[in-house]
Amino acid sequence: MENAQEVFRAVLSAGLRDLAGVISVHEFGVFTAAYLRQQLNLPGNSDSQGVLFFRDKYLQKSQLPPEVRRARARYASRTTPYAELAEELGKPFVVKPAIGAGSLRTEVVRSAEEYHRVLEPFPGESDVDVVAESFVDAPEIYMDGIWQGGDLHWRSLTRYHSSPLSAVHGRVLAAHLLDERLHPDLFEQAEDLTKRVLKTLEAPDCVFHLEAYVEQDGLTFGECAIRLPGALSPQLVQLTYGVDLMDAEISLALGLSVSLPPAVRPPERFHGYLLLRRPDHGSLTREDFARTFNFDKLTYSSSPDTPPGPYGRVGEAIVSDPDDRRLSRTIAEIVRFNETGGT
């Protein structure tokens, strides 16, 4: 998806006629989609240069004004000494792909030995392939929404129970939507941060996903993407608010404005998701989960022939509750049940 030349050649060789638009719901395809719109005179965002400021983690952070607190970041390569990064960024620090997604190949580095091990999967052929960042050790939230006409058109706020980085290393990825009535200050901070970031980066009309860390003295910006949020977040938004982010993504790709359903405040129930995995010890079945907890949606394969998906996923679950605090406790119990094999 990231090879715009190859995708463009495939489109031209297919001899397609009467193209209506181009859409990518994956991080790796947003640059190619913009490039194809530009070349084929299609509606939607065609600023492929602007897209790079939502793909490259260093370019993104370097564009933001000083008042937006974020991790210190720089490019790194195999020739960059560990001691140089440790002095500049502090210890530990984070190494990640500059244009990665989903915390894949992202590692917290605590020693020179770890640093060299972490760099091994990278080809080492580019000076802008890897980004090193100062480590922010704090809970994570994310704001998903619709940016239209240079302003925030709609938004929701979600808290990770366990982050994508921890899920890459064996935890259950889980998150749940927050109730604005219970977290008014957090919503206000996240909304202010989102507006500042998207305006600074001159975001096009888009569906966006912005991550931040919740520290004692306020929010620290993580990163922002101009595409549909991942995992089961779109389903949570639709179940809780009746807002279809996929429909919004399609409308914007066709050059249409996004219309929202009448607001229903407050939602009757808030929803959360879990990407279920095989436990490290013991075994679980779908019936084990269903017997122990109440789910809005539950799939789980205990077959050894089922290949794990991203974050070790062999199943997924959606749960809900009128109280997001009680929902958070339920998710914590399911995560513990899954990770310990039901013990």
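Please read these numbers as outputs of a predicted model, since none were measured by experiment.

Definitions and limits used
- Residues numbered from 1 in each chain as written.
- Predicted model: local features only at pLDDT ≥ 70, side-chain atom pairs only at ≥ 80, totals over all residues.
- Heavy atoms only, no water.
- Helix = DSSP H or I, 4+ residues; strand = E, 2+ residues; numbered from the N terminus.
- Rg over C-alpha atoms; globule rule 2.2 N^0.38 Å.
- Buried < 20%, exposed > 50% of the residue type's maximum accessible area, 1.4 Å probe, protein only.
- Contact = heavy atoms within 4.5 Å.
- Areas by Shrake-Rupley, 256 points an atom, 1.4 Å probe, with all protein chains shown as cover.
- Lys, Arg positive; Asp, Glu negative; His and termini not counted.
- Charge placed at Lys NZ, Arg CZ, Asp CG, Glu CD.
- Patch = residues over 30% accessible without salt bridge, like charges linked within 9 Å, V, L, I, M, F, W, Y side chains within 5 Å.
- Salt bridge = Lys/Arg side-chain N within 4 Å of Asp/Glu carboxyl O.
- Polar contact = N/O pair within 3.5 Å; in protein donor to acceptor, adjacent residues only side chain to side chain.
- Arc of directions from axis to C-beta.
- Core = buried A, V, L, I, M, F, W, Y, C linked by side-chain atoms within 4.5 Å.
- Phe/Tyr/Trp six-rings, centres within 6.5 Å; stacked < 30°, edge-to-face > 60°.
- Pairing = 2+ DSSP bridges.
- Axes fitted to C-alpha atoms, helices over the stretch in contact; angles between N-to-C directions.
- Disulfide = S-S within 2.5 Å.

A.B. asks: I'm lost on the overall build of the protein in this one. Help?
C.D. replies: If you tally the helices and strands in the protein, you get 12 helices and 12 strands. Taken over C-alpha atoms, the radius of gyration comes to 21 Å for the protein, in line with the 20 Å a tight globule of 343 residues would show. Principal axes of the C-alpha set define a box for the protein whose edges measure 55 × 55 × 45 Å. Per-residue burial for the protein yields a buried fraction of 50% across its 343 residues. The contacts of the protein with a sequence gap of at least 6 include a subset with a gap of at least 24, amounting to 66%. For the protein, the exposed area adds up to about 16700 Å²; of that, 48% sits on carbon and sulfur atoms. Averaged over its 36 positive side-chain charges, the protein has a centre that lies 2 Å from the centre of its 49 negative ones.

A.B. asks: Hey, could you run me through a nonpolar patch on the surface in this one?
C.D. replies: A grouping of Ile 23, Val 25, Met 246, Ile 250, Leu 254 and Leu 256 is seen on the molecular surface, where their side chains present a nonpolar patch of about 460 Å² in accessible area. With respect to the helices, strands and loops of the structure, Ile 23 is situated in the loop between helix H1 (4-14) and helix H2 (30-40).

A.B. asks: I would appreciate a short explanation of the pattern of salt bridges in the present structure.
C.D. replies: Pairs can form between side chains of opposite charge whenever their charged atoms are close. Under the defined criterion, the tally for this structure stands at 20 salt bridges. With a shortest N-O distance of 2.6 Å, Arg 55 and Glu 2 are connected by a salt bridge. Placement of the pair is Arg 55 in the loop between helix H3 (48-52) and helix H4 (57-63) and Glu 2 in the segment before H1, with a sequence separation of 53 residues. The class of Arg 55 is buried, set by a relative accessible area of 3%. For the salt bridge of Glu 316 with Arg 313, the shortest nitrogen-to-oxygen distance reads 3.0 Å. Several salt bridges share partner residues, and in doing so they unite Glu 2, Glu 27, Arg 55 and Arg 227 into one network.

A.B. asks: Would you take a moment to explain the side chain of Asn 45 for this structure?
C.D. replies: Secondary-structure assignment places Asn 45 in the loop between H2 and H3. At 3.2 Å, the side chain of Asn 45 forms a polar contact with the backbone nitrogen of Asp 47. The contacts of Asn 45, once residues within four sequence positions are left out, are Ala 34, Arg 37, Val 51, Pro 204 and Ile 226.

A.B. asks: Looking at this structure, how should I read H1?
C.D. replies: Since one α-helical turn is 3.6 residues long, residues separated by three or four positions face the same way. Where H1 is concerned, the buried positions are Ala 4, Phe 8 and Val 11. When H1 is viewed along its axis, its buried side chains cluster within an angular range of 60° and face the same direction. For H1, exposure combined with an orientation more than 90 degrees from the buried face picks out Gln 5, Arg 9 and Ser 13. Where H1 is buried, its residues meet H2. Phi turns positive one or two residues past the end of H1, at Gly 15, with a value near 65°.

A.B. asks: Before we go on, may I ask you to explain the nonpolar core in this structure?
C.D. replies: Nonpolar side chains in soluble globular proteins generally cluster together in the buried interior. Judged by nonpolar contacts, the single largest core of 41 residues is most densely connected at Leu 245, Tyr 273, Leu 274, Leu 276 and Phe 289. In contact with Phe 289, other than residues within four places in its own chain, are Leu 276, Leu 284, Phe 295, Leu 298, Tyr 300, Ile 334, Phe 337 and Asn 338. Counting residues in hydrophobic clusters, the runner-up holds 28 residues, among them Val 68, Ala 203, Cys 206 and Ile 226.

A.B. asks: Which parts of the structure should I look at to understand the packing of aromatic side chains?
C.D. replies: To describe a pair of aromatic rings, one takes the distance between the centres and the angle between the planes. One pass over the full model with this rule turns up 11 aromatic pairs. Taking the centre distance of 6.0 Å and the plane angle of 45° together, the rings of Tyr 82 and Tyr 115 count as tilted. In this pair, Tyr 82 is assigned in helix H5 (residues 82-89) and Tyr 115 in helix H6 (residues 112-119), connecting sequence segments 33 residues apart. The residues Tyr 82 and Tyr 115 share a single accessibility class, namely buried. Through pairs of rings, three or more aromatic residues link up here, namely Phe 289, Phe 293, Phe 295, Tyr 300 and Phe 337.

A.B. asks: Just to check I follow, could you spell out the sheet that holds strand E9 (residues 218-225) for this structure?
C.D. replies: Each strand in a sheet pairs with another by means of backbone hydrogen bonds, the pair being arranged parallel or else antiparallel. Spatial ordering of the open sheet is given by E9-E8-E5-E6-E7-E10-E12-E11, a layout of 8 strands whose pairing is antiparallel. A single partner strand is all that each edge strand has here, and the edge strands are E9 and strand E11 (297-300). Going across the sheet, the axis of each strand differs from the next one's by a mean of 25°, ignoring polarity. Pairing between strand E8 (residues 206-215) and E9: 7 bridges, direction antiparallel. Note that in E9 the partner of Glu 215 across the bridge is Gly 218. Helix H8 (residues 184-200) contacts strand E5 (140-148), strand E6 (151-162), E8 and E9 of the sheet and is inclined by roughly 120° relative to E6. Here helix H10 (residues 245-253) sits on the sheet and contacts E5, E6 and E8; the angle it forms with E8, its principal contact strand, is near 130°.

A.B. asks: Which parts of the structure should I look at to understand the state of the cysteines?
C.D. replies: Simply put, the disulfide is a covalent bond whose two ends are the sulfur atoms of two cysteines. In this structure the tally under the stated criterion is 0 disulfides. Note on Cys 206: no disulfide assigned, nearest cysteine sulfur contributed by Cys 224 at a separation of 7.1 Å. For Cys 224, a relative accessible area of 4% gives the class buried.

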